[in-house]
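Descriptive structure summary
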Amino acid sequence: MRQTRIRRRRELLQRKSLQGAVVMILFMLLPLAAQGQDLSEDELQVTMNGYFDNFNVNIVYPSMSFTKRVSDSTTVNLRYLVDVISAASMRSHFDVDGVSSATPKEDGGGDDVPDEMRQEFGLGFTDLLKGGLIRGGSFSLNTIYSTEHDYTSFTLAGSFSYLMARKNTTLQLGVVRSWDTVAPQIRDWKRKKDVYTISLGVTQILSPRLISQLNYSHNQSNGMLSDAYQVVQIAQNGDVTNYEPVHPDARLRRALGLQMNYKAGSATGFNFGLRYYWDDWDVKSLTASVLWQRHLNPAMTVGLGLRHYRQSKAFFFKSEYLAPEQYMTVDTKLASGYSNDYQLTLTIRGGYWRLPVLASEKTQLNLRVNFYHRHSSTPDWHSRLKDLFAYLVSLGVRYKF
Amino acid sequence: MKRRILFAMAALAALLNSCAAVQPWQRGELADPIMIINENPVDAGIREHYLDYREGSVGGTGAQSGGCGCG
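Residues numbered from 1 in each chain as written. Chains lettered and ligands numbered in written order. Predicted model: local features only at pLDDT ≥ 70, side-chain atom pairs only at ≥ 80, totals over all residues. Heavy atoms only, no water.

1. Digging into the overall build of chain A
Selection rule: Secondary structure follows DSSP: runs of H or I at least 4 residues long count as helices, runs of E at least 2 residues long count as strands, and numbering of each begins at the N terminus. Only protein chains enter the accessibility calculation, which uses a 1.4 Å probe; a residue is then buried when its area is under 20% of its type maximum, exposed when over 50%, and partly exposed in between. Throughout, a residue-residue contact means that at least one pair of heavy atoms, one from each residue, lies within 4.5 Å. A 1.4 Å probe and the Shrake-Rupley method give the accessible areas. Residues count as covered only by the protein chains that appear here.
Along its length, chain A carries two helices and 18 strands. Expressed as a percentage of the 401 residues in chain A, the buried residues total 47%. For chain A, restricting intrachain contacts to residue pairs at least 6 apart in sequence, the fraction spanning at least 24 positions comes to 58%. Of the roughly 20300 Å² of accessible surface on chain A, 59% is carried by carbon and sulfur atoms.

2. Section: the environment of A359 of chain A
Tracing the chain through its elements places A359 of chain A in the loop between β16 (337–349) and β17 (363–376). Residues within four places of A359 of chain A in sequence aside, it is in contact with G351 and W353 of chain A.

3. Side note on a nonpolar patch on the surface
All names here are of chain A. The condition that has to hold: Nonpolar side chains (Val, Leu, Ile, Met, Phe, Trp, Tyr) are joined into patches within 5 Å and like charges within 9 Å, using only residues with over 30% relative accessible area and no salt bridge. Each salt bridge in this description consists of a side-chain nitrogen of Lys or Arg and a carboxyl oxygen of Asp or Glu lying within 4 Å of one another.
A surface patch of nonpolar side chains, about 780 Å² in accessible area, is lined by V70, V76, F121, F125, F139, L141, Y145, F154, L156 and W179. Only β4 (116–129), β5 (137–148) and β6 (151–164) provide two or more residues apiece to the nonpolar patch. Here the nonpolar patch gets three residues from one element, more than from any other, and that element is β5. Looking at where L156 falls in the secondary structure, it is placed in strand β6.

4. Section: the nonpolar core
What counts, and what does not: We define the nonpolar core as a collection of buried residues of types Ala, Val, Leu, Ile, Met, Phe, Trp, Tyr and Cys that are connected through side-chain atoms lying within 4.5 Å of one another.
With 15 residues, the main nonpolar core has Y51, I59, Y61, Y372 and L392 of chain A together with Y50 of chain B as its most contacted residues. Those elements that place two or more of their residues in this core are β2 (58–69), β3 (74–86) and β18 (387–400) of chain A together with α2 (41–54) of chain B. Per-element tally for this core: the top contributor is α2 of chain B, with four residues. Excluding residues that lie within four positions of it along the chain, Y372 of chain A makes contacts with S339, N340, D341, L388, F389, A390 and L392 of chain A together with Y50, L51, R54 and E55 of chain B.

5. Considering the packing of aromatic side chains
Residues and elements named next belong to chain A. Where we set the bar: Planes of paired rings set the category: under 30 degrees apart is stacked, over 60 is edge-to-face and the rest tilted, where pairs are Phe, Tyr or Trp rings (Trp by its six-membered ring) whose centres lie within 6.5 Å.
Inspection of the entire model under this criterion finds 16 aromatic pairs over all chains. Each ring, one from F371 and one from Y391, has its centre 5.2 Å from the other, and the planes form 45°; the classification is tilted. Of this pair, F371 sits in strand β17 while Y391 sits in strand β18, and the two are 20 residues apart along the sequence. On the basis of relative accessibility, which here comes to 26%, the residue F371 falls in the partly exposed class.

6. Considering unusual backbone geometry
All names here are of chain A. Despite not being glycine, A165 shows a phi value in the positive range, around 55°. Mapped onto the elements of the fold, A165 is located in the loop between β6 and β7 (169–182). Given a relative accessible area of 17%, A165 falls into the buried group. The phi torsion at R166 lies on the positive side, around 50°, for a residue other than glycine. By secondary structure assignment, the location of R166 is in the loop between β6 and β7.

7. Some words on α2 of chain B
Residue and element names in this part refer to chain B. This is how it is decided: To estimate the expected span of a helix, count its residues, drop one, and scale the result by 1.5 Å.
With 14 residues, α2 extends 20 Å from end C-alpha to end C-alpha; this agrees with the ideal 20 Å at 1.5 Å per step. Most of α2 sits inside the fold, with 10 of its 14 residues counted as buried. Buried within α2 we find V42, D43, G45, I46, E48, H49, Y50, L51, Y53 and R54.

8. Things to note about the confidence of the model for chain A
All names here are of chain A. To keep things clear, this is the line we draw: pLDDT: the predictor's confidence for each residue, scored from 0 to 100.
In the predicted model, chain A carries a mean pLDDT of 84, and 82% of its residues have values of at least 70. Per-element mean pLDDT across chain A ranges from 40 in helix α2 (residues 88–91) up to 97 in strand β15 (residues 300–311). Counting contacts from residues 87–99, a segment whose pLDDT is below 50, to residues more than four positions away or on other chains yields 50 contacts.

9. Topic: the pairing of strand β9 (residues 210–223) of chain A
Side-chain direction in a regular strand flips from residue to residue, so the side chains alternate between the two faces of the sheet. Residue and element names in this part refer to chain A. To be explicit about the condition: Whether two strands pair comes down to DSSP finding at least two bridges between them.
As paired strands, strand β8 (residues 191–207) and β9 are joined by 14 bridges and run antiparallel to one another. Residue pairing across strands places I198 opposite H218, the latter belonging to β9. Following β8, the chain reverses through two residues before pairing antiparallel with β9. Pairing analysis gives 13 bridges linking β9 to strand β12 (residues 250–264), with the strands arranged antiparallel. Among the inter-strand pairings, Q213 is bridged to a residue of β12, identified as Q259.

10. Looking at the pattern of salt bridges
If you walk through the whole model with that rule in mind, you get 18 salt bridges over all chains. Between D279 of chain A and R251 of chain A there is a salt bridge; the shortest N-O distance is 2.7 Å. Here D279 of chain A is found in strand β13 (residues 268–279), whereas its partner R251 of chain A is found in strand β12, with 28 residues between them in sequence. Pair check on accessibility: D279 of chain A and R251 of chain A agree, each one buried. Salt bridges sharing common partners tie together E41, E43, R398 and K400 of chain A together with E39 of chain B.

11. Digging into the environment of L171 of chain A
Residues and elements named next belong to chain A. Mapping L171 onto the fold places it in strand β7. Given a relative accessible area of 23%, L171 falls into the partly exposed group. C-alpha of L171 to C-alpha of F160: the two residues are 11 residues apart in sequence and 8.1 Å apart in space.

12. Describing the side chain of T268 of chain A
Heads up, the condition is: Counting of polar contacts relies on pairs of N or O atoms within 3.5 Å, with two restrictions inside protein: one atom must be capable of donating a hydrogen and the other of accepting it, and residues adjacent in sequence are counted only when both atoms are side-chain atoms.
Note that T268 of chain A resides in strand β13. A distance of 2.5 Å separates polar atoms of two side chains, one belonging to T268 of chain A and the other to R294 of chain A. If sequence neighbours within four positions are ignored, T268 of chain A has contacts with Y262, K263, W292, Q293 and R294 of chain A together with I34 of chain B.

Written out as structure tokens, the structure reads:
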């Protein structure tokens, strides 16, 4: 009896301390005064992206984004992106690429013919809230529709941001809801996946040279959460049987990230990032990143970045299954491992050059090259390799008018 | 774990709000494009997308991607 009372009291104290922490955060943030916000500039951005790895996956994905102010307080934006995947699929005896899950279209085939194409359309607006209790805030609503022959996804994202403390603090609240439909061409079923995400962010100016952002995201996924193109092979009595992977049909994923930007001198900036992630499949990860950027002259900025990521495995991931189990997977994303991403960026501003593309000072050219290495403790189910090496190249033009 | 994270956030919030307000005329360095957090959301979304598809974690970065995704 006494022990029960002590346990209840301890639980009550724990609950109170949680509530206390939340109240403390709100108490410290609320008394600050609201200020007005600015809208983003009119802009057209066209980017060509490429991805190439040692698993023979080649992807080219051009994208286009357009932002236009339509009134004193409202901007609209349009976005279009295409993924064109080639090469890997036709070389696979499963007719599916083990990394990207790209599948050949019925009329696809051959190494020089794109095997799969995904198109993504985005439409949204941002509105400054000029009256009422939330004067000084802004509201954004965005929709994304993504389609390919075996997958469709519709996303609705709303966000609210609020400037306070003489524009030194910005609070952000975001809500995202996705409705996905999976219809693998090697299966005879169609299944749903629903994703809800709530995110909270605080951006704070700490000094004339230091700014930070803290982000928390809470993501709940339900439905079809496994990759239907992957195959779990189990050897029993001398025979090998192929099984569909089975993942739990719900996943709660949470992440807390901190970013800090520091300006050193007049031409150098550092961006530090740290993120901790955990979910109810027992995957935990830590991500640390640093990006150094320097203005070489008024027309050119160079950047070098390094990102390190390390994760633990999901509770049901095994390198080998000896018999069918309730949950089974071969997905490398659920294995323990680490990755390193090395980044080089180059920004060239217009107005200083004789080239036609860069003649106007409203134009900016962005080049980004990444070298990505992922190591997993268990070999990839398809390529049987533990190490993935990938090159990513992005070349974009931004035109502000 | 929850308790630790909430207290860490509370401590950070206290730290952030204990800072003296930076006046508008002191923000010249912060207006530099290399100091803007998520300066190019389109590019950040594309980058987030390929990492989401190759690693087991998502979120906490402020960037957003969509769709199934091989890229």
